[in-house]
Amino acid sequence: MSANNPMEQFAIRTLHPLSVSGYDVSFTNSALWMLVALVVIAAFMVIGTMKPTLVPGRWQAALEYVYDFVVGVVDENVGSKGKAYVPLIFSVFVFVLVCNLLGLVPWVGSFTPTSHIAVTLALALIVFLIVVIVGLVNHGLHFFTFFWPKGMHPALALFIMPIEVVSFLVRPFTLAIRLFANMTAGHVLLKVFGTFVVALGSFGALPYVFGIVPLAVNVALSALELLIALIQAYVFALLASIYLNDAINLH
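Residues numbered from 1 in each chain as written. Predicted model: local features only at pLDDT ≥ 70, side-chain atom pairs only at ≥ 80, totals over all residues. Heavy atoms only, no water.

- You'll find the protein chain entered in an unreviewed UniProt entry as ATP synthase subunit a, with Stakelama flava given as the organism.
- Under the UniProt heading Sequence similarities (unreviewed entry), the entry covering the protein chain gives this text: "Belongs to the ATPase A chain family."
- The Function (unreviewed entry) field of the UniProt record for the protein chain holds the comment "Key component of the proton channel; it plays a direct role in the translocation of protons across the membrane." (UniProt positions renumbered as here; feature names shortened; annotations may be inferred.)

What follows is the structure in structure tokens.
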């Protein structure tokens with residue numbers, strides 16, 4: 001692919017070929033950066049909890065802030081029964097956030113795993129399956145009353161219940177596509193305007209006239225992309241909490 005192709009940054013490259021029972025399980029750049037994300041998260045957790053004090057230092061305060069933020073999201077959307085699932089939502093939130101942010105690191109050939117639907121769909125399916133398991137464990141077959149809205153007239157069941165079932169089954173796909181689409185679109189815009197800066201910078205004195213505009217736009221887009229990375233991690237955790245609420249607190 002051309003270096004100017006905005007989609008080139010999403011190409012999956014094999015770093016170490018590997019096959020298991022005929023299946024291609026090669027180590028790729030996507031796997032590498034997910035591994036980097038896990039290392040960053042582990043380092044953040046270790047440093048933040050290494051020497052806990054009553055008056056927290058910077059790293060401990062940062063870790064406590066992130067944890068309290070997730071606890072607040074779970075409490076607000078699930079209630080007291082959701083405390084047992086804070087580790088799940090915390091893990092999902094931090095992993096998505098770090099993967100989003102790593103893709104913005106310049107000059108190191110960084111890759112954004114969450115810009116690929118396979119990664120976001122895998123995360124969404126994990127959340128979806130846990131929600132279903134939690135619902136069945138807590139309520140048994142009564143969990144399926146979720147598809148029968150309270151107070152619904154039996155005559156409407158033939159129309160409403162299929163809609164409820166379909167809307168429930170598409171949850172992991174909408175969750176995955178939302179994250180994937182936002183991260184992909186933002187990186188494409190950054191690449192396109194970055195190309196404008198380079199192109200206009202090759203016309204002698206003209207970059208001082210025309211190059212400053214796309215450069216300023218690119219700086220603004222970088223700030224916007226940073227905000228989107230934070231918001232999308234929050235939205236992913238928020239929706240996961242809402243789905244858990246449906247499984248824990250049936251109507």
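Structure shown, so let's carry the discussion forward.
What about the overall build of the protein chain?
Now for step 1: Assigned secondary structure in the protein chain consists of 7 helices and 4 strands.
Now for step 2: Moving toward the C terminus, one meets the helices and strands of the protein chain in the order β-β-β-β-α-α-α-α-α-α-α.
Now for step 3: Within the protein chain, buried positions represent 37% of all 251 residues.
Now for step 4: When contacts within the protein chain are restricted to residue pairs at least 6 apart in sequence, those whose partners lie at least 24 apart make up 68%. (Helix = DSSP H or I, 4+ residues; strand = E, 2+ residues; numbered from the N terminus. Buried < 20%, exposed > 50% of the residue type's maximum accessible area, 1.4 Å probe, protein only. Contact = heavy atoms within 4.5 Å.)

Some thoughts on the pattern of salt bridges
Now for step 1: In the structure shown here, the tally under the stated rule is 1 salt bridge.
Now for step 2: Between Asp-246 and Arg-171 there is a salt bridge, with its nearest N and O atoms 2.8 Å apart. Note that Asp-246 is positioned in helix H7 (residues 212-248) and Arg-171 in helix H6 (residues 171-200), a separation of 75 residues in sequence. Each member of the pair, Asp-246 as well as Arg-171, carries the same accessibility label: buried. (Salt bridge = Lys/Arg side-chain N within 4 Å of Asp/Glu carboxyl O.)

Some remarks on the packing of helix H1 (residues 29-49) against helix H3 (residues 86-102)
Now for step 1: Two elements in contact, H1 and H3, have axes separated by 9 Å at closest approach and are oriented at 120°. The angle between H1 and H3 falls in the class oblique. The chirality of how H1 crosses H3 is right-handed. Counted together, Trp-33, Met-34, Val-36, Ala-37, Leu-38, Val-40, Ile-41 and Met-45 of H1 and Phe-90, Val-94, Phe-95, Val-98, Cys-99 and Leu-102 of H3 form the full contact between these two elements.
Now for step 2: Residues that form the contact of H1 with H3 fall into these classes: 14 nonpolar, no polar and no charged. (Axes fitted to C-alpha atoms, helices over the stretch in contact; angles between N-to-C directions. Parallel < 35°, antiparallel > 145°, perpendicular 65-115°, else oblique. Left-handed = near helix turned anticlockwise from the far one by under 90°. Nonpolar A, V, L, I, M, F, W, Y, C, P; charged D, E, K, R; others polar.)

Quick word on the packing of aromatic side chains
Now for step 1: Inspection of the entire model under this criterion finds 12 aromatic pairs.
Now for step 2: Seen in terms of ring centroids, Phe-146 and Phe-168 are 5.7 Å apart; in terms of plane orientation they differ by 65°. Their pairing is edge-to-face. Placement of the pair is Phe-146 in the loop between helix H4 (117-139) and helix H5 (157-169) and Phe-168 in helix H5, with a sequence separation of 22 residues. Each member of the pair, Phe-146 together with Phe-168, is buried.
Now for step 3: Joined through ring pairs, the aromatic side chains of Phe-128, Phe-143, Phe-144, Phe-146, Phe-147 and Phe-168 make up one cluster. (Phe/Tyr/Trp six-rings, centres within 6.5 Å; stacked < 30°, edge-to-face > 60°.)

What about the nonpolar core?
Now for step 1: Core analysis: the largest hydrophobic core is formed by 51 residues, its most contacted members being Val-70, Ile-89, Phe-93, Val-94, Val-96, Phe-236 and Leu-244.
Now for step 2: When residues of this core are traced back to their parent elements, those giving at least two are H1, helix H2 (58-77), H3, H4, H6 and H7.
Now for step 3: Dropping the residues within four chain positions of it, Val-70 is found in contact with Val-86, Ile-89, Phe-90 and Phe-93. (Core = buried A, V, L, I, M, F, W, Y, C linked by side-chain atoms within 4.5 Å.)

With respect to the UniProt feature "transmembrane region" (unreviewed entry) in the protein chain
Now for step 1: In the numbering adopted here, UniProt assigns the feature "transmembrane region" (unreviewed entry) to residues 31-50, 84-105, 117-137, 157-181, 188-213 and 219-244.
Now for step 2: With 77% helix and 0% strand, residues 84-105 has end C-alpha atoms that lie 34 Å from one another.
Now for step 3: Across residues 117-137 one finds 100% helix and 0% strand; the C-alpha atoms that close the span lie 30 Å apart.

Quick word on unusual backbone geometry
Now for step 1: One non-glycine residue, Ser-21, lies in positive phi territory at about 55°.
Now for step 2: Its location among the elements puts Ser-21 in the loop between strand S2 (19-20) and strand S3 (23-24).

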